[in-house]
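Fold and contact review
So the chains spell out like this:
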Amino acid sequence: MNSKHVTKAIGAAVMALVAIAMVAPMAQADTPAAGYTQFAGCPSIKENPVMSTCIRSVVSSGHFKMGSKDVPIEHPITLSGGADEFLGNFAANSKGGMPPVKQKVPGGIIGLTGLTWLAEFLGIEALTLYAATELAGAPSFSGFNNITLPIKVHLINATLGNSCYVGSVTNPITLHLTTGTTSPPLPAKPITGVPPKFTIDEKEIIHLDNGTYVDNAFSAPSASGCVLTLFGFIPISINGLVNTQSGLPSAAGNNETLQVLSTELVDVRLVYP
């Protein structure tokens, strides 16, 4: 791979490293060449003429703490797609994008609401609570070591309805992820990430492995849209309970995220010769 392709590919990695993107999958997808099947989510030039680099990124572990709730990232999150020559216009075909991945919230629905009687009323199986991160705006970047990512967190449990969120498009949680050292307000102390390891294999695939991206200087707003439905038809707003039990809203210096990411990227012309 020549230096121009390497430069473009490294830049495109920034978009993949966030492991979350606002993409609209296309209806059809071409088939990648042998040895490049992991990039099936990347549109070919025929599907999308502006494509230049194919990307596949995986968040393998980490955690996300806001207020008093700390959610481990136990299930890998995969983002696949491609970018244009200016590292913009991230897109995915019907095999790409970012499939939603639920992460279990410790303490479940009782820990979120403080309503201990729910254990008897709902049964143990119905008490599990999940959190899923969604994009609340366009990501931006400065090099591949610093990423700005506006998000919202969907709290998922059948008793909460479909609209229980922390953050929104108009009031997002804005992460400034870095592999360097943070500068948070008190009571937090600076923490430091780890840049990914850079290699290129015989297929000219660039690997950026096990980068650690951190931020502990972001704030988190109040929860909204949380509704406890009793007997299947009596809705009761419990935003206040969720906020009290979760320590929300939570000012900067009281929250933290760490994400371990590995990325593969390659020239689109190798994937679809």
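These numbers come from a predicted model, not from an experiment.

With 36 residues, the main nonpolar core has Phe 64, Val 153, Leu 155, Leu 160, Ile 173 and Leu 175 as its most contacted residues. Elements represented by at least two residues in this core include exactly β1 (51-66), α2 (108-113), β5 (130-135), β7 (146-156) and β9 (173-178). Apart from the residues within four sequence positions on either side, Leu 155 is in contact with Leu 112, Leu 129, Tyr 130, Ala 131, Leu 160, Cys 164, Val 166 and Val 242. Formed by 11 residues, the second largest nonpolar core is a distinct cluster that contains Cys 42, Cys 54, Ala 91 and Val 266.

Moving on: the state of the cysteines. Under the definition given, this model contains 2 disulfides. Across the disulfide, Cys 42 is cross-linked to Cys 54 (sulfur-sulfur distance 2.2 Å). On the S-S bond that ties Cys 42 to Cys 54, the torsion sits near -70°, and the link is left-handed. Of the two residues, Cys 42 is situated in the loop between α1 (3-17) and β1 and Cys 54 in strand β1; the sequence distance between them amounts to 12 residues.

Residues of helix α4 (residues 239-246) that are buried: Val 242, Asn 243 and Ser 246. Looking straight down α4, one finds its buried side chains confined to an arc of 95°; they lie on one side. Those residues of α4 that are buried are in contact with β1, β2 (69-72), α2, β7 and β12 (223-224).

So, on to the side chain of Ser 44. Residue position: Ser 44 is located in the loop between α1 and β1. Ser 44 gets classed as buried once you look at its relative accessible area, which sits at 2%. Residue contacts for Ser 44: discarding those within four places in its chain leaves Asp 30, Met 51, Val 268 and Tyr 272.

The calculated volume of the largest pocket comes to roughly 510 Å³. Breaking the lining of the largest pocket down by element, the ones donating at least two residues are β1, β2, β5, β7 and β15 (256-267). Across the lining of the largest pocket, the residue classes break down as 23 nonpolar, 5 polar and 2 charged.

Cis geometry marks the peptide bond from Leu 186 to Pro 187, where omega comes out at 10°. Between Leu 248 and the following residue, Pro 249, the backbone shows a cis peptide bond with an omega angle of -5°. Tracing the backbone shows Pro 249 in the loop between α4 and β15. Even without being a glycine, Glu 204 presents a positive backbone phi close to 65°. Along the chain, Glu 204 falls in the loop between β10 (197-200) and β11 (206-215). Positive phi is not limited to glycine here, since Asn 210 has a value of about 55°. Inspection of the secondary structure puts Asn 210 in strand β11.

Cut-offs applied
Residues numbered from 1 in each chain as written. Predicted model: local features only at pLDDT ≥ 70, side-chain atom pairs only at ≥ 80, totals over all residues. Heavy atoms only, no water. Core = buried A, V, L, I, M, F, W, Y, C linked by side-chain atoms within 4.5 Å. Buried < 20%, exposed > 50% of the residue type's maximum accessible area, 1.4 Å probe, protein only. Helix = DSSP H or I, 4+ residues; strand = E, 2+ residues; numbered from the N terminus. Contact = heavy atoms within 4.5 Å. Disulfide = S-S within 2.5 Å. Arc of directions from axis to C-beta. 1 Å grid on protein atoms, 1.4 Å probe; cavity = no way out; pocket = protein on both sides within 12 Å on 5 of 7 lines; lining within 4 Å. Points joined across faces, edges and corners; volume = space filled by probe spheres on them. Nonpolar A, V, L, I, M, F, W, Y, C, P; charged D, E, K, R; others polar.

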